[in-house]
Amino acid sequence: MKKSILFIALILAGVPLSRIAYSEVDSESINRTFIAAAERARPSVVNISVYLSEGTGPGKTYKKTADGTGTIITTAGHIVTNCHVVEKGDYYRAVLFNNRSVELERINGNGFYYADFKTDIAVLKIANSGYEKYFKPVTFADQEGLREGEWVLAIGNPYGLRQSITGGIVSSTGRNNIGFADIEDFIQSDVSINPGNSGGPLVNLKGEMVGLNSAIRTVSGGFQGISFAIPVSIVRHVSSELIRYGKVRRGWLGIIAKEVPSGTDSNTDSVEIMSVVKNSPAQAAGLKAGDIIRTIDGNHVMSLNSLLTIVGKKPVGSRIAVEFLRDRNLYKIKLVLREKEHYNRLSRALERIFRSYGIEVDEDSADGRPVITNVYPGSFSGDLKKGDTLSGINRKRVQTLDDFVRVAERYNYRIYHVAFERNSMMFEFNKKWGGNDSTDH
């Protein structure tokens, strides 16, 4: 009987008949696969109790407002969960897999978490209380290998029922325009998710995290066959940024765009640039109002949401390829994604260098190295010419535009030695450019 049921299950899962033999169908081995996956992931899952404080001083009390789930992602005790879990309170406790109750550390001033509301991801940290040996970080999967129809498990704390495990298959990937977050690229599954599951891992049959369980589509308030998880690629990037910087640094294109009908498919729109922000990466790359963005790094841009998601998933400093239409001709350019605040600081520094020495320096889109884009007559440019690639200033090696600006700032913008490459040959010269020579330090 077990083998007959499993045979039907394999057919429904899409396994070809030619690959199924009744003698080879072993229900116990299948069971062991699911059990092993759950056992590998469960030690990384914690129960989060959310409280709201009432009153002050000795009379201060805490009222429990919600149960949620968290997933341990570092040996230092960092926990990733959802913003909508932690924003319901101002005090939190966590219970580990082994039933140990642990305190959480204040990491954000008087707060307990860093949050990125654009993706609905938050990070907390278990206080250093001698329990480090019990911290079992989850293993991140390769999200690119996730397939529709693949079996997955969810582990969480629905309705306060700790370490509950549910299973199902991946229904779809890349779901956006759902309305749960600003940046959406959800994994849709039919895994049973209920209030309290949010922040727990969605894992494959290797016990690796493929997503962070986040939301359900429901009318009744309970599970109705559709659940959503944030893909692990976004979870990994956002949590790393939050842990390192306390915020998520995002690449900035510097465009204002709108959706327009493509004219070929009523369900597919295109994204047209309405205007380009002055002194932005888009302007530097040559994008103009009226350009239709087709792809970014090969990913089709069909809506403003898809544009936001594609760019939002790219780390700051990424070099991206943008394919666009202009006057019915297809063009392709490369540009470097910069955080807006950082890009503005670089622009101010480069403007100061231009005023002092009459040279314009930009970033080579192919390899990121600083390159001379213009030299004005009568300047203090020495032997430099348009197209020269800078490899060092003041006897300090520079490989990126950031390196160039950092060294220039260190010497208060006084440059006395330049090394550069022209036509695959290396050159260097010493010259006093504005002000007194600096001494190397």
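Residues numbered from 1 in each chain as written. Predicted model: local features only at pLDDT ≥ 70, side-chain atom pairs only at ≥ 80, totals over all residues. Heavy atoms only, no water.

1. Some words on the packing of aromatic side chains
Moving on, step 1. Evaluated as defined, the whole model comprises 9 aromatic pairs.
Moving on, step 2. With 5.5 Å between their ring centres and 80 degrees between their planes, F34 and W151 make a pair best called edge-to-face. Of the two residues, F34 sits in helix α2 (residues 27-41) while W151 sits in strand β8 (residues 151-156), which places them 117 residues apart along the sequence.
Moving on, step 3. The exposure class assigned to W151 is partly exposed, which follows from its relative accessible area of 34%.
Moving on, step 4. Between the aromatic rings of Y51 and Y91, the centroid separation amounts to 6.1 Å while the plane-to-plane angle is 50 degrees, which identifies the pairing as tilted. Of this pair, Y51 sits in strand β1 (residues 45-54) while Y91 sits in strand β4 (residues 91-95); the two residues are 40 residues apart in sequence, bridging distant segments of the chain. Each member of the pair, Y51 as well as Y91, is classed as buried.
Moving on, step 5. Among the aromatic residues, those joined into a cluster by ring pairs are Y51, Y62, Y91, Y92, F112 and Y113.
Moving on, step 6. Looking at R326, its charged tip hangs above the ring of Y331, at a distance of 5.9 Å from the centre. (Phe/Tyr/Trp six-rings, centres within 6.5 Å; stacked < 30°, edge-to-face > 60°. Helix = DSSP H or I, 4+ residues; strand = E, 2+ residues; numbered from the N terminus. Buried < 20%, exposed > 50% of the residue type's maximum accessible area, 1.4 Å probe, protein only. Lys NZ or Arg CZ within 6 Å of the ring centre and 35° of its normal.)

2. Things to note about the packing of helix α7 (residues 340-357) against helix α8 (residues 401-410)
Moving on, step 1. Between α7 and α8, whose axes approach to 10 Å, the crossing angle comes to 60 degrees. Comparing the axis directions of α7 and α8 gives the class oblique. Here α7 and α8 pass one another in a crossing that is left-handed. Across the interface between the two elements, H342, R345, L346, A349, L350 and I353 of α7 pack against L401, D402, F404, V405, A408 and E409 of α8. (Axes fitted to C-alpha atoms, helices over the stretch in contact; angles between N-to-C directions. Parallel < 35°, antiparallel > 145°, perpendicular 65-115°, else oblique. Left-handed = near helix turned anticlockwise from the far one by under 90°. Contact = heavy atoms within 4.5 Å.)

3. Points about the sheet that holds strand β2 (residues 61-72)
The pairing of strands in a sheet comes from backbone hydrogen bonds and takes either a parallel or an antiparallel form.
Moving on, step 1. One open sheet holds the 7 strands; their spatial order is β5-β4-β1-β2-β3-β7-β6, and the pairing between them is antiparallel. With partners counted over all chains shown, the strands left at the sheet margins are β5 (101-103) and β6 (114-116), one partner each. Strand after strand, the sheet turns through a mean of 35 degrees between neighbouring axes, direction not considered.
Moving on, step 2. Pairing between β4 and β5: 3 bridges, direction antiparallel. Bridge pairing in β5 links V95 to S101.
Moving on, step 3. Sitting on the sheet, helix α4 (residues 232-245) is in contact with β3 (78-82), β6 and β7 (121-125), with an inclination near 50 degrees to β7. (Pairing = 2+ DSSP bridges.)

4. A look at the side chain of E208
Moving on, step 1. Relative to the elements of secondary structure, E208 occurs in the loop between β11 (201-203) and β12 (209-216).
Moving on, step 2. At 4.2 Å, R40 is the nearest oppositely charged side chain to E208, a buried residue that forms no salt bridge.
Moving on, step 3. Those residues in contact with E208 that sit more than four places away from it in its chain are R40, T139, F140, A141, L202 and V203. (Lys, Arg positive; Asp, Glu negative; His and termini not counted. Salt bridge = Lys/Arg side-chain N within 4 Å of Asp/Glu carboxyl O.)

5. What to know about the side chain of D116
Moving on, step 1. If you trace the backbone, D116 turns up in strand β6.
Moving on, step 2. A polar contact of 2.5 Å, which involves the side chain of D116, links it to the side chain of R250.
Moving on, step 3. Among all residues touching D116, those that are not within four sequence positions of it are C83, I121, V238, L242, V248 and R250. (Polar contact = N/O pair within 3.5 Å; in protein donor to acceptor, adjacent residues only side chain to side chain.)

6. Focus on the nonpolar core
One broad trend across soluble globular proteins is that nonpolar side chains are buried collectively.
Moving on, step 1. Membership of the largest hydrophobic core comes to 24 residues, with the highest contact counts inside it found for V361, L384, L390 and F404.
Moving on, step 2. Ranked by size, the runner-up nonpolar core spans 22 residues in total, among them V46, C83, L96 and I126. (Core = buried A, V, L, I, M, F, W, Y, C linked by side-chain atoms within 4.5 Å.)

7. Focus: the pattern of salt bridges
Moving on, step 1. For the structure shown, the criterion picks out 11 salt bridges.
Moving on, step 2. For E421, the salt bridge identified is with R369, shortest N-O distance 3.1 Å. Linking E421 in strand β24 (residues 415-422) with R369 in the loop between β20 (359-363) and β21 (370-375), this pair joins segments that are 52 residues apart in sequence.
Moving on, step 3. The partly exposed category is assigned to E421, whose relative accessible area is 22%.
Moving on, step 4. Among the ionic pairs, D403 bridges to R406, the shortest N-O distance being 2.3 Å. With D403 and R406 both in helix α8, this residue pair falls 3 residues apart, about one helical turn.

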